[in-house]
Amino acid sequence: MSSTTRLTVAQALVRFLSVQYTERDGLRHRLIAGTWGIFGHGNVAGVGQALLEAGEDAMPFHQGRNEQAMVHAAVGHARQLNRLSAQAVTTSIGPGATNLVTGAALATINRLPVLLLPGDYFATRAADPLLQQLEHPTEADVSVNDTLRPVSRYFDRIHRPEALIPTALQAMRVLADPAETGAVTLALPQDVQAEAYDWPEEFFAERVWRVRRPAPDPLELAEAVRAILGAARPLIVAGGGVHHSEAEEALKAFANATGIPVTSTQAGKGSLRHDHPADVGGIGHTGTAVADDLARTADLVIGVGTRYSDFTTASGTLFQNPDVRFLNLNITSFDAHKLAARTVVCDARAGLEALASALGGHRVNAAYEAEYRVGKERWEREVTRAFEAADENAVPTQTQLLGALDAVVGDEDVVINAAGSLPGDLHKLWRARSPRQYHLEYGYSCMGYEIPAAIGVQQATPDTPVWALVGDGTYLMMPTELVTAVQEGLPINLVLIQNHGYASIGGLSESVGGERFGTAYRYRAADGTFSGAPLPVDLAANAASLGMDVLRAKTVRELREALGTARASDRPTCVYVETDTATPTAPPAAAWWDVPVAETASREAAVAARTEYDRQAAARRTHL
């Protein structure tokens, strides 16, 4: 008879999590590297006590300030480590649990692992209703945690101690599986957390979850080879899967061998170094002119690890060649079949290596290579123009800010952003120098992601300089984890841009006939609109009050000096700058994005915007 150990459910869960590992290519990582938590009555005596009893060596604990932000930090950590390591997040019942929903959606949409452990009602109903419990009149087993079901890749509620064993194993399977991963939720009733049980010792044995590299099916590979050999203008779209599978070198070798140009999604940027001859930059609505021009004439689009968002496809208007076909390498069948593609369901690195070998030295026409290289050189001049400032004493534009940052960072730095106008400028202009330098969360484009994600990246790779780029709108959404960075001594760098409102949505509003309504942070004017003077907020002072070192920069020269000082600092540092928003310096969008415009309106701006909308929408294609 096997021996047992008597522990509470929470103690058993923490002990189990402490001995879970992933392994890929012979390298091992802790699957659950630490636990973030904010404690309330729904988890303090259960998971909280279990973490205390386990100790920091068994399960490192990180104190957060906002539950959503804790999930963002865990996601940043997982992305930096190529999904081979994750973190857990524990919350109380009620608002602490529902605050997880946004972070969980972000994790699942971006295919990134995080383990969520919210408290829940009493399974025994001994106290019913209890504080913060949702009462449903017809479904007594429903709680607020059920809001996490649609945004989780796996969900269970642990009503009995013994149910933890199969559920915990399933949870680890999903977290470690690159084709299944995302947010995993184990809802933990408060009484069950504290209930003791005699656990089999085998449950606590070290367990290794091997992350597979599935090879292509021979028939799918043969069809892919025929498609490439028959294409005159093939084009690669590199997505986040290239990074997650560490396929950057395989992609480089494939591009070197075939001469096929490589574009990238927001998640895939940096798959090739910016100065590689085949790298033509971002694709889609925020892409480069050269990449989008190539996309319009491509007869074969080779998607590698991409899910083809509307930004990538320009809402179905980008790929205009009448004969265009798609070939998708993806570890998930769901993504591989998009756009009626030929599929190669496999690991990105394994697929690229197999394709390169099977093509046997095939190379695109020299004239095609010469064409896209000329386009690449032309675009590089656009980047230089946007980055340079004629007057070092002038107020910097946003693209000049990026130019100043480009001059300061090293290859190892990580630049993080998620929302606003920066994703467009970064996707077009940023010169990615290493696979992990460009960290854009654009699957959910969640304002507030950047600061906690910077903490997660810093935890994952402590010696890496990390930059969180945010506008004032994003900063006001979630500055709370600056306190965590200060507490933990994490030298993240925050670049805080004062735009006096939602600059990106203001521009979008103007383009779709919305006249920038409700997008400025200003006093109300006499007519009742928010068109008065800018609000007298001092976000730099706010960051300083949270413990950050703050550097204010008013000119291009001061900005460059402040960025250099921040990078050299061993303390969390904020560089605060008010940019020139009146001088356009970013290249315009080279492809459309579908934001529906009012079909009927009395205001002239909306009527004009609808006319343009109908013109653009006419180019939409359904690829079958």
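Notes on the structure follow. (Residues numbered from 1 in each chain as written. Predicted model: local features only at pLDDT ≥ 70, side-chain atom pairs only at ≥ 80, totals over all residues. Heavy atoms only, no water.)

Description of the overall build of the chain
Part 1 of the argument: A count of helices and strands for the chain gives 24 helices and 23 strands.
Part 2 of the argument: Here the C-alpha radius of gyration of the chain, 25 Å, is about what a compact globule of 624 residues would show, namely 25 Å.
Part 3 of the argument: In the chain, buried positions account for 57% of the 624 residues.
Part 4 of the argument: At a minimum sequence separation of 6, the contacts of the chain that also span at least 24 residues come to 76%.
Part 5 of the argument: When the accessible surface of the chain is split by element, carbon and sulfur atoms take 53% of a total near 24400 Å².
Part 6 of the argument: When the 54 positive and 72 negative side-chain charges of the chain are each reduced to one mean point, those points stand 4 Å apart. (Helix = DSSP H or I, 4+ residues; strand = E, 2+ residues; numbered from the N terminus. Rg over C-alpha atoms; globule rule 2.2 N^0.38 Å. Buried < 20%, exposed > 50% of the residue type's maximum accessible area, 1.4 Å probe, protein only. Contact = heavy atoms within 4.5 Å. Areas by Shrake-Rupley, 256 points an atom, 1.4 Å probe, with all protein chains shown as cover. Lys, Arg positive; Asp, Glu negative; His and termini not counted. Charge placed at Lys NZ, Arg CZ, Asp CG, Glu CD.)

Quick notes on the nonpolar core
Part 1 of the argument: Counting 79 residues, the largest nonpolar core has Ile228, Ile302, Trp467, Leu469 and Leu563 as its most contacted members.
Part 2 of the argument: At 6 residues, the largest contribution of residues to this core is made by helix H15 (residues 366-387).
Part 3 of the argument: Discounting chain neighbours no more than four positions away, the residues touching Leu563 are Leu401, Ala404, Leu405, Val408, Trp467, Val495 and Val575.
Part 4 of the argument: Counting residues in hydrophobic clusters, the runner-up holds 47 residues, among them Met70, Ala73, Ala105 and Val470. (Core = buried A, V, L, I, M, F, W, Y, C linked by side-chain atoms within 4.5 Å.)

Some remarks on the layout of surface pockets
Part 1 of the argument: In this structure, the second largest pocket spans a volume of roughly 240 Å³.
Part 2 of the argument: In this structure, the second largest pocket is lined by 15 residues; those nearest its centre are Glu515, Arg516, Phe517, Gly518 and Thr529.
Part 3 of the argument: A breakdown of the residues in the lining of the second largest pocket according to their chemical character gives 3 nonpolar, 7 polar and 5 charged. (1 Å grid on protein atoms, 1.4 Å probe; cavity = no way out; pocket = protein on both sides within 12 Å on 5 of 7 lines; lining within 4 Å. Points joined across faces, edges and corners; volume = space filled by probe spheres on them. Nonpolar A, V, L, I, M, F, W, Y, C, P; charged D, E, K, R; others polar.)

Regarding helix H8 (residues 218-229)
Part 1 of the argument: Here H8 is 12 residues long and its end C-alpha atoms lie 16 Å apart, about the 16 Å a rise of 1.5 Å per residue gives.
Part 2 of the argument: For H8, the secondary structure elements touched by its buried residues are helix H10 (248-258), strand S15 (300-304), strand S16 (325-330), strand S17 (342-345) and helix H14 (348-359).
Part 3 of the argument: One side-chain oxygen of the residue at the start of H8 lies 2.9 Å from the amide nitrogen of Leu219, identifying that residue as Asp217. (Expected span 1.5 Å × (residues − 1). Polar contact = N/O pair within 3.5 Å; in protein donor to acceptor, adjacent residues only side chain to side chain.)

So, empty space enclosed by the protein
Part 1 of the argument: Enumeration according to the criterion identifies 2 cavities of 30 Å³ or more in this entry.
Part 2 of the argument: Quantified by volume, the largest cavity comes out at close to 160 Å³.
Part 3 of the argument: Around the largest cavity, the lining is made up of 15 residues, and of these His274, Asp279, Gly281, Trp379 and Glu380 lie nearest the centre.
Part 4 of the argument: Of all the secondary-structure elements, those providing two or more residues to the lining of the largest cavity are strand S14 (279-282), H15 and helix H17 (422-429).
Part 5 of the argument: A per-element tally of the lining of the largest cavity places H15 first, with 4 residues.
Part 6 of the argument: If you trace the second largest cavity, you find it lined by Ser264, Lys269, Gly270, Leu272, Arg273, His274, Asp279, Gly281, Trp430 and Ala432.

Considering the pairing of strand S23 (residues 573-578)
Part 1 of the argument: For S23, a buried count of 5 out of 6 residues is recorded, marking the element as mostly surrounded by other parts of the structure.
Part 2 of the argument: Of the strand pairs in this sheet, strand S21 (residues 493-498) and S23 are connected by 6 bridges, and their pairing is parallel. The residue of S23 that forms the bridge with Ile497 is Val577.
Part 3 of the argument: Looking at chain direction, strand S22 (residues 549-553) and S23 are connected through 5 bridges and run parallel. Bridge pairing in S23 places Leu551 opposite Val575.
Part 4 of the argument: Note on the crossover from S22 through helix H23 (residues 556-568) to S23: the handedness is right-handed. (Pairing = 2+ DSSP bridges. Right-handed = clockwise from strand over helix to strand, strands pointing away.)

What to know about the pattern of salt bridges
Part 1 of the argument: For the structure shown, the criterion picks out 37 salt bridges.
Part 2 of the argument: Between Asp275 and Arg273 there is a salt bridge, with the nearest N and O atoms lying 2.9 Å from each other.
Part 3 of the argument: With a relative accessible area of 34%, Arg273 lands in the partly exposed category.
Part 4 of the argument: Glu412 is paired through a salt bridge with Arg567; the nearest N and O atoms lie 3.0 Å apart. Taken as a pair, Glu412 in the loop between helix H16 (398-408) and strand S18 (414-417) and Arg567 in helix H23 lie far apart in primary sequence, 155 residues in all. (Salt bridge = Lys/Arg side-chain N within 4 Å of Asp/Glu carboxyl O.)

Some points on the sheet that holds strand S2 (residues 20-24)
Part 1 of the argument: Taken in spatial order, the 3 strands line up as S3-S2-S11 in an open sheet, and their pairing is mixed. The two strands at the open ends of the sheet, each matched to only one other strand, are strand S3 (27-30) and strand S11 (207-210). The sheet shows a mean angle of 30 degrees between the axes of neighbouring strands, direction not considered.
Part 2 of the argument: With 4 bridges joining them, S2 and S11 adopt parallel strand pairing. Bridge pairing links Thr22 to Trp209 in S11.
Part 3 of the argument: Where helix H6 (residues 164-176) meets the sheet, its contacts fall on S2 and S11, and the angle it forms with S11 comes to roughly 35 degrees. (Axes fitted to C-alpha atoms, helices over the stretch in contact; angles between N-to-C directions.)

A short note on the pairing of S3
Part 1 of the argument: Both S2 and S3 contribute to a ladder of 4 bridges, which runs antiparallel. Counterpart to Thr22 in the pairing with S3 is His29.
Part 2 of the argument: The antiparallel pairing of S2 with S3 creates a hairpin that spans 2 residues between the two strands, and Asp25 there sits at a positive phi of about 55 degrees.

Let's talk about the sheet that holds strand S5 (residues 61-63)
Part 1 of the argument: The 6 strands are arranged S5-S4-S6-S7-S9-S8 in an open sheet whose pairing can be described as parallel. Taken across any chain shown, the strands that pair with only one partner, and hence form the sheet edges, are S5 and strand S8 (154-157). Direction aside, the axes of adjacent strands within the sheet are offset by 20 degrees on average.
Part 2 of the argument: As paired strands, strand S6 (residues 86-91) and strand S7 (residues 114-120) are joined by 4 bridges and run parallel to one another.

Structural notes on the packing of aromatic side chains
Part 1 of the argument: Considering all chains together, one arrives at 11 aromatic pairs under this definition.
Part 2 of the argument: On the basis of an interplanar angle of 20 degrees and a centroid distance of 5.8 Å, the ring pair of Trp199 and Phe203 is categorised as stacked.
Part 3 of the argument: With relative accessibility at 3%, the residue Phe203 sits in the buried group.
Part 4 of the argument: Each ring, one from Phe319 and one from Phe326, has its centre 5.3 Å from the other, and the planes form 85 degrees; the classification is edge-to-face.
Part 5 of the argument: Its relative accessible area of 1% is what places Phe319 among the buried residues.
Part 6 of the argument: The structure contains a cluster of three or more aromatic residues connected by ring pairs, namely Phe16, Tyr197, Trp199, Phe203 and Phe204. (Phe/Tyr/Trp six-rings, centres within 6.5 Å; stacked < 30°, edge-to-face > 60°.)

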